[in-house]
Structures are given as structure tokens and as C-alpha cells.
Amino acid sequence: MDGTTLLPAVVVVPLLGAVLTPIVGRTRARMAGLWALAVACLTAAVGTALVALVALRGPFSYEMGAWAPPWGIELRMDEFGASIAVIGFLEVLTMLFAIKYVEKLLLPVRIPYFYTLMLLNAAGMIGFAVSGDLFNMFVFLEILSLSGYALVAIAGERIAEMAAFKYLALGAVSSLFVLLSVGLLYAVTGTLNIADVAKRLTGTGYALPVAVALAGLVLGFSVKAALFPLHAWLPDAHTIAPSPVSAVLSGLVVKVGVLGTLRVLQIYYAARPQQLPVLNGMLAWLGAISIVMGAFFAIFQEDIKMMLAYSTISNIGYIFMGIGLGSTYGLIGATVHIFNHALIKVTLFLAAGAIIYRTGCRNLTDLRGVGRVMPWTSAVMTVGALSIVGIPPTAGFLCKWYIALGAVQADKLMFAVAVLFGALFILIYYIRMVNAFYFREPTRPEVATATEAPLSMVGPLVVLAAGCLLMGVLGRIPLSFVEPAVLRMLGQ
Amino acid sequence: MKRIAVIAVLVAAFVPLAAAVAQLPTFGEASNPTNTYLVPRYLQKGPEEAGAANVVTDVILNYRGYDTNGEVVVIFTALIAALATLLVRPKQMAATPPGDDAPRSPIVSFVVKAIAPFIAVFTVYLVLHGHLSPGGGFQGGTIFGALIILLSLTLGHKYGLSLLPERSRPWLQAAAVLAFIAVGLLGWALCGAYLAYPSYSQLEWVREGWLIALEIGIGVGGAAIFATVFWTMEAEP
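In this text, all values refer to a predicted model and were calculated from it rather than measured experimentally.

Quick word on the overall build of chain A
Tallying secondary structure elements over chain A gives 20 helices and two strands in all. Expected size for 492 residues packed as a compact globule is a radius of gyration near 23 Å; at 21 Å, chain A falls within 12% of this value. Per-residue burial over chain A gives 67% buried out of 492 residues. Sequence separation of at least 24 residues holds for 82% of the intrachain contacts in chain A that already meet a minimum separation of 6.

Below is the structure:
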């Protein structure tokens, strides 16, 4: 059997797992968690096998329903699609972490639905990442968005409903922009297949509708990615959601917007490169502003999860800046930062979750001295902080270095300065955090008497921290892995 | 001030979109790319190679069946989202909602009882006839869901619930997704790709059977989901 026939399985396994979760968890909620963990493990295994196949043989396609594209839907697995392995791996660790966490936080009746939504969300992201068809991408975008809105509201804490509603309203508008733009492209080309759209756009007229479609698609996807100034929904939603959900939303779901942008650029680099310079210029500037504003707001946050949420906006800025620079180094750095930031942000949010789970506190002043009572969790948090600042030899260094090189390569030194500035700001707020954790006396009795988080939380955290360090040491591997995809996209 | 800003943003978004739509090929022209590229094959070969006389059904359930597979998951996700955010205690849905025991008009109850079987038969017709003419699982399921809601409102919450017994309810809610995955995996195992149908002309009855299985799954799943969302919103927290 040819390995490529496994491609639909990476979507179908989490989907089937999701619809069966309410049935499995009907009598005992704990069963739903274990079931979801098993499904996530299987998904991750299939995803990893597929990525290995890409590494060995290069990109491949799968014809859904055995209909040749463009009549049927094509699944396309390329180097950008390698995010499915990252999604699978991080979902496994998040599910394991979540088992104890949600038992404490959620109403028992909602726990099976929590895991159902998590699996649906994962299936949506994976389906989006491997889709080679514009409308199909939209369908999976809806699955992952809809499950995301519900996951924000599921705990019902303080302003959860309000935050989820804000997320829903902006998310729905952005989805409409995507759908309308797909419609425009379909009207002028008569096809929905991504490769085929690129082919049929080459040399046809309709300059304005095609340009508006580009603008609409990138606008829609940058709302999903929370690029400044379209980030307004993110801080509340990512702060108020249960920590495992924050980890997935901040680490993975916003990246879907970036991946969507990359898919759109694949079309336009091939078919209409003359329409890209203006857009790229805007993306680079918005990225630079995002880096600085996100980091700036993060400094003033007391709530550690709010701080991490703003830091996500800053890091999305790095990625969009790398894309906007349009140079090989910039794009390679941006693509790898998608993966590395996912790893680092999941580490940080889960560590923050473990601290909140044990102490019930989330403000920096309340959390003074937590490093003494929760040594493992705090150490993981520190590793995550070092990685996100980009101190070598951690995961964050090489990709930020590449983005800075990309700025030099594109002859735009201003942007390299923005990279440095961002790193400095980020350093300030993580120093604040590490200082509070380790070098201050506890002020709250619940912090002073807290104990280390349970093994089902510390285990995933240690694996994640090891991943952050390992990706720093082995950073060359992902860089050289995505290089062919970037060169192909730029037509070099 | 805020209102003016909102209007300005809306106009700024509207003008380029309207200009782009105005420059599209004239709607309905026979020479449009949308009419000349993919559609001829769907129209000419659809009924023969995809299994349904209704070409729309061919596209929805066969050529682009994977999209519809995703769409039924979207509907299922909406159900789980409603359950996850509205339920607060076990057996909440089984409890009688406030006002359910208030006296109802005997005329309304009688009329609803009298027309209910006809509505039910019509939904079966719609689901099965989607094969040949407009209609299908989505439409039939929606109407059947509305019927269950109508019966719960007029004949009582308990009566409505008894139409979807609690033990089988989660299975019924997942029916559409499960039908797609079942047909998809059959295609994967027997015909070489997920959601592929047998291509031999002698096996036309298999293609039709799978299409009808999908339509019934969509109908049952849709009806169960609509009714459950209604009960969830009706239930007292």
C-alpha cells in the first residue's frame, strides 16, 4: 500500500474520534478524556508518518473520491502542511495536561463536550492545513473557528461569554471576507482548486476583482491570526479561556490564519506577482507595528495569561513581517517561527495553567515566590521565556535571526531594528516574571503552601521544555525542511 | 462620532467590493468561466458517473462530497457548542421547562396532531427524492426537526423528548457525520479513495444506495440536532 493513501486518515481519525466522544463519555467523564488522548495519539502518529513521507519524497496529493482535480477535491501535503505533525504532537500533550485541569475547572456535564470540541478543533486545523481547495479550506476554517468560540466560553468564568462573543463576531466577519473572496476567484476562473486557480489566473484580465480577492483573503486570515490592528478579540479570549484551550488557541489556531495567508500567496506569487509588492509592504509594516505594540502592552500586564496573550500578538508580528519582506530568509524564518512559536506558546500557557491550577492566582504580585514551591513548573516557564525572547540556544533564536537576515537581504534595515526592539521589550517582561517567581518573598498564603503540580501536568511540561531546547540545538533541520517550499513559492 | 466612524468603515469596505463585483463577468452569460470550465462535465456525465439524476446532488454528495462531509461536521460542532455552553447539570434537558404544564388550546393540539403524519411523510419524500429533484437530506431534516419542535410545544416537552429516546440520542445526533465516514471508509477500502463510489456501470445500484444512505444520515442527524438545540435553549438552567 502506498503511504499517500493515509492522507485522509489524518482528518478522519480526529473527526470520528470527536463524534464518538459524547457517547464514550456518557457515563464517566474521565473516559472521554482518555479517549480523546488516545485519538490525539493516533492522529499524531499518522501526521508524523505523512510528514516523514514528505521529507523523503517531496510534496504529494490525494484525490478525494477518486475524482481528478479540479472536478473533485484535492488534498495537498507539502512542507507547509507539515504543521499537522506539530498540531498532533501538541494536542497530545495538551489533552494529557487537560485531564486533571478540566476536572477541577469545568462543570462535570460539560467535560465530554470539552473533549469533543478539542478534537473537532484539531480536525479543523489539520483539514485546513492539508486542503488543496479554496472552498474546502473555508469549510475547515469554520469547523475550527466554531469550536474555538465555544471553547472560550465553556468555563463560564467572569467575562467568558462576552469574550467569546467578541471573538465570534470578528471571526464571523473575517470568515465572510474569506468566503466572498473565494467567490470572486471562482467567478473569474471557474475553479476552486488552488493549483488550478493559480494556473488559470495567469494571463487573464479582471485585475480589480483579483486584487480585491487578494485583499479580502489576506484581511480575513489576518483577523484570524490577530495581526495588529485586527487583534482586538485576542487578549480577552485567550486570557479567559481554560489554560489548555488558551494554549491551543494561542499556539495553533492563530497560525491557521498565517497558513491561509501563505496558501493565498502561493497562488499570487505564481499568477499575479505584480499585485504583491503593495500588500507585502503593508504586511511588513503591520508586522513591525504588531511586534512593538504587542510587546509594549505585554509589559504592563499583571495577569500572566494576559501577558502571554499580548506576546502572541507580538510573535504573529514577527511572522507577518517575515512574510511581508518577501525575501527567502524572511519567509523561511517566518515559516519556522510558525512551528517554534506554537511549541513555545503551548509550553508557556500550560505552565501558567499548572500554576493557576495549584495556587488559584494569576497576577504577578500574587505569584511572588512560586518558584520555590513549584520548582519544575517554574523552570519550564523560564525555559519557555528564554525561548520566546530568542536567546540562543533555544527554539526562538534561529527563526528570529533568519527574519532579521531577511530584512537585511531585502535591504530594509529598519525592520531588523524592529526585531531587536521586540526582543528587548519581551526580555523586560519576562525578566519581571522570573524575578517575581524566584527572587521575591511570597505574599499570598495559598502560594506559600502550594505544592508541585501533578505528574500528568508536569510530564507534558517537561517534554515541552525539552522540545524548546532541542529545537534550538536542531534548529537547522526545520529550516532546511521548509526551504524547498519557500523557494518554489518565490519561483526560484 | 462612533456612528460616523462605523459608517465610514462600512463604506470603505463596500466600495472596493462593489467595484470588484461590478467588473466580474456578466451574471448568467453562457461564456463565463463558471459555465464553461467544470460545469459541462458535471452536466453531461454527472447522472451517469456520479449516480444521481439531480446534478446538484451529484456535486454535493459525490464530486465534492468531502466538502459536505465538512459541512455536516460544522452543524455537529454547532450542536456541541450549544451543549457545552448552556448545560449546567445532568438530566437538565429531561426536566420539564417552565410553562410547559400551562393549558394549551385544544384546537391547536388537534390541528397539529392531524397534520403531523403528513409533515412526516413529506420529509421522507424530500429526503429520498433529493436523488431526482431539488430536496434532500438537509431540507428534509430541517422540516422533520421543525416538526419535533412543533410537537414539543403543542403536545408537551415530554412527548417531544420521547421521539428521540435518550439512549439513542447521541447516535442520532452524530448520524450525518457517521454516515459520511462510513461511506467514505467503504470507498477507501473498496474503491481506492475516501468517499469514492464504485465506477462500474453495472454497480449503479451501489452508487444509488450509498447516496441514499448519505441523504438519510444527513436528514436524521439534522433533525436530531435541531430538536436538541431547541430543547437545550428551552431548558431551565
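Further notes follow.
Notes on the side chain of B:Asn32
All names here are of chain B. Checked against the element boundaries, Asn-32 lands in the loop between α1 (2-22) and α2 (33-36). For Asn-32, the side chain forms a polar contact with the main-chain oxygen of Thr-26, separated by 2.7 Å. Dropping the residues within four chain positions of it, Asn-32 is found in contact with Pro-25, Thr-26 and Phe-27.

Remarks on the packing of helix α8 (residues 207-225) of chain A against helix α10 (residues 243-271) of chain A
Helix-helix packing is characterised by the crossing angle of the two axes and by the distance between the axes. All names here are of chain A. Remark: α8 packs on α10, axes separated minimally by 6 Å, with the N-to-C direction vectors making an angle of 160°. As the angle between them shows, α8 and α10 are arranged roughly antiparallel. As for how α8 packs across α10, the hand of that crossing is left-handed. In this structure, α8 uses Val-210, Ala-213, Leu-214, Leu-217, Val-218, Phe-221, Lys-224 and Ala-225 to contact α10, whose residues at the interface are Val-254, Gly-257, Val-258, Gly-260, Thr-261, Val-264 and Tyr-268. Class assignment of the residues belonging to the contact of α8 with α10 gives a composition of 11 nonpolar, three polar and one charged.

Side note on the domain arrangement of chain B
Each assigned domain of chain B is listed with its residue range as follows: domain 1 (1-37) and domain 2 (52-234). If you average the C-alpha positions of domain 1 of chain B and of domain 2 of chain B, the two centres end up 35 Å apart.

Looking at the interface of chain B and chain A
In this complex, chain B contributes 54 residues to the contact, which on the side of chain A involves 58 residues. Contact with chain A buries area across many residues of chain B, yet B:Tyr37, B:Arg64 and B:Tyr66 alone supply 14% of it, more than any other trio. The partner of B:Arg64 in a salt bridge is A:Asp133, with the nearest N and O atoms 2.6 Å apart. One can count 14 residue pairs in polar contact (both at pLDDT 80 or more) joining chain B with chain A. Listed by contribution, the elements that provide at least two residues to the side of chain B that touches chain A are α1, α2, α3 (39-50), α4 (55-63), α5 (65-86), α9 (169-173) and α10 (175-190) of chain B. Tallying contributions element by element places α5(B) first for the side of chain B that touches chain A, with 16 residues.

Looking at the pattern of salt bridges
Residue and element names in this part refer to chain A. One pass over the full model with this rule turns up 13 salt bridges over all chains. The partner of Asp-78 in a salt bridge is Arg-263, and the shortest N-O contact between them spans 3.0 Å. Linking Asp-78 in the loop between β2 (74-77) and α3 (83-105) with Arg-263 in helix α10, this pair joins segments that are 185 residues apart in sequence. The residues Asp-78 and Arg-263 share a single accessibility class, namely buried. Lys-166 is the partner of Asp-236 in a salt bridge, and the nearest nitrogen-oxygen pair spans 3.2 Å. With Asp-236 in helix α9 (residues 234-240) and Lys-166 in helix α6 (residues 160-189), this pair connects stretches of sequence that are 70 residues apart. For Asp-236, a relative accessible area of 23% translates into the label partly exposed.

Quick notes on the environment of A:Gly205
Residues and elements named next belong to chain A. Turning to its location among the elements, Gly-205 is positioned in the loop between α7 (194-201) and α8. For the pair Gly-205 and Val-188, spaced 17 residues apart in sequence, the C-alpha separation works out to 8.8 Å. In this view, Gly-205 contacts Val-210 and Arg-272; residues no more than four positions away in its chain are not counted.

So, how was this worked out
Within every chain, residues take consecutive numbers counted from 1 along the sequence as written. Labels follow written order: the first chain is A, the first ligand is 1, and so on. At least 70 in pLDDT is required for a residue's local features to be given in this predicted model, at least 80 for side-chain atom pairs to be given and counted, and no such filter applies to totals for whole chains, interfaces and linings, which use all residues. Side-chain calculation: all heavy atoms of the structure are included, whereas hydrogens and water are not. Runs of H or I in DSSP of at least four residues are treated as helices and runs of E of at least two as strands, each being numbered from the N terminus. The quantity called the radius of gyration is restricted to C-alpha atoms. Its globule counterpart is 2.2 Å times the number of residues to the power 0.38. Accessible area is worked out with a 1.4 Å probe on protein chains only. A residue is then buried under 20% of its type maximum, exposed over 50%, and partly exposed in between. The contact criterion used throughout is that any non-hydrogen atoms of two residues lie within 4.5 Å. By the criterion applied in these results, polar contacts are pairs of N or O atoms within 3.5 Å in which, for protein atoms, one can donate a hydrogen and the other can accept it, and in which residues neighboring in sequence qualify only through two side-chain atoms. Fitted lines through C-alpha atoms serve as axes, helices being fitted only where they are in contact, and the angles separating the N-to-C directions of these axes extend from 0 to 180 degrees. To sort the angles, those under 35 degrees are grouped as roughly parallel, those over 145 as roughly antiparallel, those from 65 to 115 as roughly perpendicular, and the leftovers as oblique. For a crossing to be left-handed, the near helix must be turned anticlockwise from the far one by less than a right angle; the clockwise case is right-handed. Each residue gets one of three labels, nonpolar for Ala, Val, Leu, Ile, Met, Phe, Trp, Tyr, Cys and Pro, charged for Asp, Glu, Lys and Arg, and polar for the others, Gly among them. Per the annotation, domain bounds derive from an automatic or database assignment of domains. Simply put, the buried area is the total loss of 1.4 Å probe accessible area from both parts when two parts are fitted together. Any carboxyl oxygen of Asp or Glu within 4 Å of a side-chain nitrogen of Lys or Arg constitutes a salt bridge here.

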